[in-house]
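# Examining the three-dimensional arrangement
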Amino acid sequence: MRVLIAPDSFSGTLTATEAAETIAAGWRDHAPHDELTVLPLSDGGPGFLEVVHGALGGDLVSVSVSDPLGRTVPGAFLLRDEGGRRTAYVEAAQACGLHLLEEGEQDPAVTSTYGVGELLAAAVEAGAIRIVVGLGGSGTNDGGAGALAALGAGDAYALGRGGVALAALTDDDLAGLEQVRQRFGEIELVLACDVDISLLGFHGASASYAAGKGATPEVAQQLEAALGHFTDVASRVVPVSTDLLSGEARRLEREPGAGADGGLGFGLMLLGGRYRSGVGTVLETVGFDRLLSTQHLLLTGEGTFDWQSLRGKVVAGVAALALEHAVPTVVVAGQCSIGRRETMAHGISGTYAVARSPDEVLTALADPVGTLRSLARRVAVTWSV
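Reading the values: rules and limits
- Residues numbered from 1 in each chain as written.
- Predicted model: local features only at pLDDT ≥ 70, side-chain atom pairs only at ≥ 80, totals over all residues.
- Heavy atoms only, no water.
- Helix = DSSP H or I, 4+ residues; strand = E, 2+ residues; numbered from the N terminus.
- Buried < 20%, exposed > 50% of the residue type's maximum accessible area, 1.4 Å probe, protein only.
- Core = buried A, V, L, I, M, F, W, Y, C linked by side-chain atoms within 4.5 Å.
- Contact = heavy atoms within 4.5 Å.
- Polar contact = N/O pair within 3.5 Å; in protein donor to acceptor, adjacent residues only side chain to side chain.
- Axes fitted to C-alpha atoms, helices over the stretch in contact; angles between N-to-C directions.
- Parallel < 35°, antiparallel > 145°, perpendicular 65-115°, else oblique.
- Left-handed = near helix turned anticlockwise from the far one by under 90°.
- Nonpolar A, V, L, I, M, F, W, Y, C, P; charged D, E, K, R; others polar.
- Pairing = 2+ DSSP bridges.

### Quick word on unusual backbone geometry
With a phi angle near 55°, Asp261 is a residue other than glycine that sits in the positive phi range. Here Asp261 is to be found in helix α10 (residues 260-269). With a relative accessible area of 5%, Asp261 lands in the buried category. Positive phi, normally seen in glycine, also occurs at Ala326, with a value near 60°. Relative to the assigned elements, Ala326 resides in the loop between α13 (314-324) and β10 (329-336). Under the relative-accessibility criterion, Ala326 is labelled exposed at 68%.

Okay, structure coming up:
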């Protein structure tokens, strides 16, 4: 039996590579005769650079950048020549990821994407004329204002202090934005986003994800208002483009992916960035469709399999392709909160959770490798021929 093991990272416990190897080990415990293909994946969030580098090769360039609270952390970007164009792959989570913060430090009211701007500046300095930015897993909610500040778009104090501070933003605070836009006008900026949400509204960045980054309901409302003000200021500073189909003014904050990474998508769209599905970008890069066509079963997974998993995440992306090839998809996750009817509608044949109670969650966190390996073995008992 040929099994393709292609999980995302299990956030906070295992990288995608660690998760894939652990699942494979558990499967082999029961079915050592099966032919396993291990393929770690990413949706643009943590692990994006590792996955792309593993698939494409190239040169990893080390840099030092600021984390969400301004501390210096190590980072890197991948540099390759593709068709005569120097291309850089950047993982935003290296500078603004939630994993860089201790639990008591998580506060999207004050965290900043400044370090992402430093990564982009380093890629430009290295000669990149095409930059693919993986967006996902951030601990920030500043609309990309910090990244713009690092690139010289405006006052670093006004833009780099987190999302709530944007409520006091003035037009003068973005005085350098047009100059930065001109500099990036010669660069193809691709935004490989983990979600397709807009910036504002009930399904926007603040309403959907701020709580998971440490915000109270009151802070989430403050962030929504501050980002709304930020878009108003930006629309006055940046010339408004027109939608060629409708003839109406194009509102970047409503674009798919503008809300990715706490609105970092919006900030990079101000520089000409274009949205692409993060998982779609990765699957194309690693040749997933070709690999899948020869398999009998797809085994994927992530830390928490919930409604967000169906909005541009790895599980939904691979399941859709597996359905086209008539390959059954099985999900192995830390926790599952999606019903069977929803999973079947997305072509998923089965879901298995490491933890199904609070006590099991604590056990899984104490031994993520052991508990995931044990679950993978039980899944193999059911699915291996």
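Back to the write-up after that little detour.
### Section: the nonpolar core
The biggest cluster of nonpolar side chains holds 57 residues, and the ones touching the most others in it are Ile131, Val133, Phe230, Leu268, Leu270 and Leu271. Excluding its chain neighbours within four sequence positions, the residues that come into contact with Leu268 are Leu120, Val133, Leu135, Leu189, Leu191 and Gly273. Among the nonpolar cores identified, the runner-up in size contains 27 residues, and Ala6, Leu41, Val279 and Phe288 belong to it.

### Quick word on the environment of Leu189
Position of Leu189 relative to the elements: it lies in strand β7 (residues 188-193). A relative accessible area of 3% places Leu189 in the buried class. Ignoring anything within four residues of it in the chain, the contact list for Leu189 reads Ile131, Val133, Phe184, Leu268, Leu271, Gly272, Gly273 and Arg274.

### So, the side chain of Thr111
Mapped onto the secondary structure, Thr111 falls in the loop between α3 (93-96) and α4 (114-125). A distance of 2.7 Å separates a polar atom in the side chain of Thr111 from the backbone oxygen of Gly139. Excluding anything up to four places from it in sequence, Thr111 contacts Pro68, Leu69, Leu101, Gly139, Thr140, Asn141, Asp142, Gly162 and Gly163.

### Overview of the packing of helix α1 (residues 16-30) against helix α16 (residues 368-383)
Where α1 meets α16, the axes come as close as 7 Å, and the angle between the chain directions of the two elements is 50°. Between α1 and α16, the interaxial angle falls into the category oblique. Judged by the twist between their axes, the crossing of α1 over α16 is right-handed. Across from Ala19, Thr22, Ile23, Ala25, Gly26, Trp27, Asp29 and His30 in α1, the residues of α16 making contact are Val369, Leu372, Arg373, Ala376, Arg377, Val379, Ala380, Val381 and Trp383. Looking at side-chain class alone, the contact of α1 with α16 contains 11 nonpolar, 3 polar and 3 charged residues.

### Side note on the sheet that holds β7
Reading across the sheet, the 6 strands line up as β3-β4-β5-β6-β7-β8 and stay open at both edges, with mixed pairing between neighbours. A single partner strand is all that each edge strand has here, and the edge strands are β3 (59-66) and β8 (274-277). Sheet twist, expressed as the average angle between the axes of neighbouring strands with direction ignored, equals 25°. Sheet analysis places β7 next to β8, joined by 4 bridges and oriented parallel. Each residue of the ladder has a partner; that of Cys193, found in β8, is Ser277. Against the sheet, helix α11 (residues 278-286) contacts β6 (130-135), β7 and β8, and its axis sits at roughly 65° relative to β8.

### Here we look at the sheet that holds strand β11 (residues 348-353)
An order of β2-β1-β9-β10-β11 is seen for the 5 strands of this open sheet, with the pairing classed as parallel. With one partner strand each, in any of the chains shown, β2 (35-38) and β11 form the two edges of the open sheet. Each strand axis lies, on average, 25° off the axis of its neighbour in the sheet, ignoring direction. Judged from the 7 bridges that link them, strand β9 (residues 297-305) and β10 form a sheet pairing that is parallel. Note that in β10 the partner of Leu298 across the bridge is Thr329. Packing of α1 onto the sheet brings it into contact with β1 (2-5), β2 and β9, and relative to β2 it is tilted by some 170°.

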